[in-house]
Amino acid sequence: MSSVTDTKAKITIDGQEVTVPKSYTILQAARAAGINIPHLCYHPELAREGNCRVCLVEIEGGRSLAASCVYPVSDGMKVYTNTPIVRETRKTVVELMLANHPEDCLFCVKNRHCELQEIAADLGIRKVRFHGERRSAEIDDSNPSIVRDPEKCILCTRCVRACSERQGLDIYCIANRGFGSIVEPAFGLGLDKVACTYCGQCTTVCPTAALTERDDTQSVWDALADPDKYVVVQTAPSVRIGLGEEFGMKSGGIVTGKMVAVLRRMGFDKVFDTDFAADLTIMEEGHELLHRLKNGGVLPMMTSCSPGWVNFVETMHPEIIPHLSSAKSPQGMFGATVKTFFAERSGVNPAKIVSVAVMPCTAKKWEAKRPQLNDSGYRDVDIVITTREFARMIKQMGIDFMGLPEEEFDSPMGLSSGAGQIFGATGGVMEAALRTAYEVYTGKTLENIDFRGVRGLDGIKESSVDLGDGMILKVVVAHTLRNAEKLVQRILAGEADYHFIEIMACPGGCLGGGGMPYPTDTDIRRARIDAIYNADARMKYRKSHENPAIKELYETWMGKPLGERAHRLLHTHYTPIEDRLK
Amino acid sequence: MAIKSLDDLRKIKERARQSTAARHENETQVIVGMGTCGIAAGARTVMTAILDEISRRGLRNVSVLQTGCIGMCQREPLVDIVRPGEPRVTYGNVKPEDVPRIINEHLVNGRILTDMVVAKI
Amino acid sequence: MEKLARAHVLICGGTGCSSSGSKVIIPALREKLQAKGMEGEIKIVETGCHGLCEMGPLVIVYPEGVFYIRVQPTDVDEIVETHLIKGRVVERLLYREPATLETVPDYDDIAFYKKQKRYALINCGHINPESIEEYIGADGYEGLAKALSMNPEEVIEEIKSSGLRGRGGGGFPTGLKWQFTRSASGDKKYVICNADEGDPGAFMDRSILEGDPHRVLEGMAICGYAVGADEGYIYCRAEYPLAIKRLRGAIAQAEEAGLLGEGILGSGFNFTLHIKEGAGAFVCGEETALMASIEGRRGMPRPRPPFPANSGLWGKPTNINNVETFANVPSIMRDGAGYFASQGTETSKGTKVFALTGKINNTGLAEVPMGITMREIIYDIGGGIPDGKKFKAVQIGGPSGGCLPEQLLDLAIDYESLAKAGAMMGSGGLVVMDETTCMVDVARYFLNFTQDESCGKCTPCREGTKRMLEILNRICDGNGREDDIPLLESLSRSIKAGSLCALGQTAPNPVLSTLNFFRGEYEAHIKDHKCPAGACTALIGYKINEKCRGCGLCKKVCPVDAISGEIKAMHVIDELVCIKCGACQAKCPFKAIDKG
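In this convention, every chain numbers its residues from 1, walking through the sequence in written order. Labels are handed out in written order, letters beginning with A for the chains and numbers beginning with 1 for the ligands. It should be noted that, the model being predicted, local features are given only for residues of pLDDT at least 70 and side-chain atom pairs only at 80 or more, the latter also being counted only at that level, while totals for whole chains, interfaces and linings use all residues.

Colleague: Sorry, what's going on with the sheet that holds strand β15 (residues 460–466) of chain A here?
Modeller: In a beta sheet, neighbouring strands pair by backbone hydrogen bonds and run either parallel or antiparallel. All names here are of chain A. Pairing between strands is defined by DSSP: at least two bridges between the two strands are required. Helical segments are the DSSP runs of H or I of at least four residues, strand segments are the runs of E of at least two, and each set is numbered from the N terminus. Strand order in the open sheet formed by four strands is β12-β17-β16-β15, and the pairing between neighbours is mixed. Bordering the open sheet on either side are β12 (301–302) and β15, each of which pairs with just one other strand. Taken together, the seven bridges between β15 and strand β16 (residues 472–479) define a ladder with antiparallel strand orientation. Within β16, the position partnered with S464 by the bridge is K474.

Okay, structure coming up:
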């Protein structure tokens, strides 16, 4: 037998012969044959369940129809994807979903982004023949980040799998059975009462509006309309690389200038850049690492920019809190700086400043509400909206986004380095920190500033940097909380001889965040990553400590990294979740 | 009880068969008259003696039955012995001490105890 | 040595007889025997089920084999005085044939048992299920001993040539299933006994587990040897406490005897068994859901392939059969496949246990050769329909099955013929219905069951059965719509074709088969707003006719004061107030109240 037939299967789909790897499902094989079988519960990155029964096909000799998303191909198999029984059954299945689903498409937040809506349209469903009992359940908006509307749930369990498989958290489970089945946190508790990190990965996989980000856009409009308010905005590194997707650009297109332009047109008084604050974070976090190295501090030190990760530590592993860097996240540093440094410089009453953050992240909404983040004397950040909400606001304005001119951020908090830009990708914070730590530690200029060992989509990436004098800095980078848990276990077992660990809660980093445009998959993440590093490569400054705006800030106002003012404004502390729930 | 082989299994089977033998009506039968008259004349002790004797000898495939008054009350206790293909023989005035003889001679070896016979059917 | 007892009194301790009071008979009998000084000569044996549960509590007195029915503690004196002492049968406690009303003293002469061929049930009711010795006395564990003297392939070959097929519903050839698991690669393999019997009215598995638990253990051990498994699970629903107790006892005895555990019967074969109690979800009878439940996960089925033979419990090759299937195995092994293969039809060999319930005289369990007709089961064994009513249909195969009408009574029953008739063998539950049963209501009953038991995983079953039930409910309530029948048919097609597991795939069967044979009844409900069987309360009404003498009894008995009228004058029912309970009709001495 030739090696081809060992690994490949020849199957016939709708009369067309295709040869595909034996590991393929019928759905994958059909795609290779140019047939896109509709599907809902199937998600290429999650375990296959075969529960929605939309992707049904007929297999010659089969007793009933088969779910093509789970059914493996086998040599000689004959598959039909478009027979009368297949069409009728698919249609009935979707009709049954619609019969137990609110008919509010026109004013649903997922209108035009809903996979159920799309499939219903594709299948040509013109009426629902069944009218009876519908699932009735309360909307859970108990937390600042995620809204759960069980009435819109079609029980595809993508959220259950995403939470379990990506994050290792199992926040959602199926309760009850039969028609009473419902996806909810254990015991029907609100998301504020369980170990949810608000990472929002569930919202990125939900095909309907059963799980969405909390919509805070109206608060932004209200602030902008209030003549007494001075509204400033910061935009995170990942927003500019995902936003274009909402306006028809293919993944990986960067829209920084247009984004700045549209924010100005919205009426923001100042359009600043979170990348600036990312540079600031590197200054503080980098120095904190060196301080810990020199003074026998707790090692390995772990990053604290990802609020999903911070929430995870506080909830699941309060024992490793001493490992977390005390440096605030860029959003947090920006918030504390804008209402102090910027207010002072520009003569604006900080009480009138409304600080808005546009983030790729749902957990940032929760972070902004952390009680300790009020070092400016006010709430450091007032409103957080995600990339998706931001796109909706732009659409509400009716503005031709793609036709906008490219504009520059305002100063002084708009200038950033490439190091700040790469914060959006897994490994980016590490790389940015290494660029600065190396030069500060060695006093030498770093020649090759690309730390390729920490880039890419591998779940856990180990690397090391020779700082000279026998000092090898051992670092590791992990993304998703499932991978983070592995590193935590190594630390707890005393097997982690790293100096510095970067964790981002979402796959791919912030660019795969819970608030980024739909859909997000591996290819899209990769395209966004490439965009980020390309942008970095084109930047004038590529090291945080070389950013002139940062230098100026320290020299004229902030003092030294880890200095008194920096300590007060740019550092924070963490609290075990038990305390917080009390 | 550890069964290590088919032989062990069969031994237990034999034993079990004996203790459940009463669940088949066998062709070889001992029938005791247990009407009021029989019991008054001591049929109970005769019955017990019969059961003891059969157990003691490990006899299998014997049914011990009881019957009511058959109208020879003066000859009670009455004990009938039935062997396959042979006439039913009735013994009268049976006392417990007669039982081993009846069982051994007649039931096992087919020799009728003519001195005690009251009827043959 | 145990002293010989001249008589054995077998008292059924099965769940059916226990619930009709057999538990209190045992102490009453023991007390009476002691009082008479007979405790040494009479042995009391608590057995498993005899199958004729309708007539329980059952007491059988050996050696004569006299069969007493509905025995109460007050009857004990008479059984001892008259039967055990004087050797006279207690006539009034004997079974009477429903057809002739003649008493039948002998167990073996009762028509209910005469047509049966007990194979899987051979020991049930005849041995003490809590005694491994009695099981061994009844040839127990000889099948295992014989299997261990053969090689595993030969064992599988024997099962194959017996023609045994899965008794749990699907009817998959058992030997072939074993072979799949044997051929699957893997060091660790499992055997699972599916004892999650759940079809409404089916209780053959429970009877076997309660009445002859060792038979199941032996069957599983033989299977373990054949497929190469050293560990097994019995997944038994927790609603069967007696079965679980007997199984636990039996496993302990078998372990002590060296018939389970390490080096069984001096061979190199090891086999250990565990009991896993199910929490009562019907869907856990589906093999992949059952395994998920054993693993401690939510009991939901998963798509196949992979099949359990390749990836089953904890991902290991696993062979699953149900209780009745395993119960057939020891005798097939001991006696060879010949007898079993000689019974039944071309495609369906051996005997099958059916559970008779509904409008039938002898409700209970009957084991008959495949190929028997429904008429023989219902009339010869089941004693026909009570109260002189007319037979209407028999539902077979539980919620997955269908209804067979009168014209199919002479159908020779096997897996294929039933499937062709739109029903299925299922686990063998038979529900007999007479002319007063509404077939729409029957379909609704079964759909309500599956709807209730749907796990909720896949859309067609979760949502579709709900919509079907809603439609059936409105038809029964008199609100059926013109297009409800085509709508039911369309939904049925999609649910059958699209559901993930057999529960959903077969859920529409009761609707489809009633639509097939009794479509007129549906139409009568929808178009004429009539329930021909007079069962759907929304569609019936009571009227007083001219035979009324004005006695006033109906007025007195009516719970809602819907009847008015002067004494000796014709009475009237107010339809708006009437709740259609039928109490007036039952009370009227003049047949002056019509239902319609």
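From this point, the discussion proceeds with the structure in view.
Colleague: I'm lost on the interface of chain C and chain A in this one. Help?
Modeller: Accessible area lost upon the coming together of the parts is a frequently used measure of interface size. Taken residue by residue, the interface counts 29 residues in chain C and 28 residues in chain A. In terms of residue class, the side of chain C that touches chain A is built from nine nonpolar, nine polar and eleven charged. Whether two residues are in contact depends on their C-beta atoms, placed from the backbone: they are in contact if these lie within 7 Å. Each residue is assigned to one of three groups, with Ala, Val, Leu, Ile, Met, Phe, Trp, Tyr, Cys and Pro labelled nonpolar, Asp, Glu, Lys and Arg labelled charged, and all others, Gly among them, labelled polar.

Colleague: I'm lost on the nonpolar core in this one. Help?
Modeller: The nonpolar side chains of a soluble globular protein tend to be buried with one another. Judged by nonpolar contacts, the single largest core of 213 residues is most densely connected at I50(B), V59(C), I222(C) and V394(C). For I50(B), the residues in contact, after removing those within four places along its chain, are V30(B), V32(B), V64(B) and V99(B). Structurally, a nonpolar core is described as a collection of buried Ala, Val, Leu, Ile, Met, Phe, Trp, Tyr and Cys residues joined by way of C-beta atoms within 7 Å. Using C-beta atoms placed from the backbone, we call a residue buried if 20 or more other C-beta atoms fall within 10 Å of its own, exposed if 12 or fewer do, and partly exposed for counts in between.

Colleague: Looking at this model, I keep getting lost on the domain arrangement of chain C. Mind explaining?
Modeller: Residue ranges assigned to the domains are those given by an automatic or database domain assignment. As assigned here, chain C comprises domain 1 (7–110), domain 2 (132–342), domain 3 (351–434), domain 4 (439–527) and domain 5 (541–595). For domain 2 of chain C and domain 5 of chain C, the distance between their C-alpha centres works out to 59 Å.

Colleague: I'm lost on the sheet that holds strand β7 (residues 190–195) of chain C in this one. Help?
Modeller: All names here are of chain C. In spatial order, the strands read β9-β8-β7-β10; together these four strands make up an open sheet with parallel pairing. Lying at the two open borders of the sheet, with one neighbouring strand each, are β9 (272–278) and β10 (318–322). Averaged over all pairs of adjacent strands, the angle between strand axes in this sheet comes to 20°, irrespective of strand direction. Judged from the six bridges that link them, β7 and strand β8 (residues 231–237) form a sheet pairing that is parallel. Its bridge partner lying in β8, Y190 is registered against E231. Most of the contacts of helix α10 (residues 213–227) go to β7, to which it runs at about 150°, and overall it touches β7, β8, β9 and β10. Here helix α13 (residues 323–335) sits on the sheet in contact with β7 and β10, set at roughly 95° to β10. A fitted line through C-alpha atoms represents every axis, and for helices the fit uses only the stretch in contact; the resulting angles, taken between N-to-C directions, go from 0 to 180 degrees.

Colleague: Help me understand helix α14 (residues 387–397) of chain A, please; the structure alone is not making it clear to me.
Modeller: When we look at burial in α14(A), the residues that qualify are T387(A), R388(A), E389(A), F390(A), A391(A) and I394(A). At the C-terminal side of α14(A), G398(A) shows a positive phi close to 70°.

Colleague: Help me understand the environment of S68(A) in this model?
Modeller: Residue and element names in this part refer to chain A. Along the chain, S68 turns up in the loop between β4 (66–67) and β5 (78–80). Given 30 C-beta atoms within 10 Å, S68 falls into the buried group. Along the primary structure S68 and I37 are separated by 31 residues, whereas in three dimensions their C-alpha atoms are 8.1 Å apart. Dropping the residues within four chain positions of it, S68 is found in contact with T25, I26, L27, A30, I37, C55 and V57.

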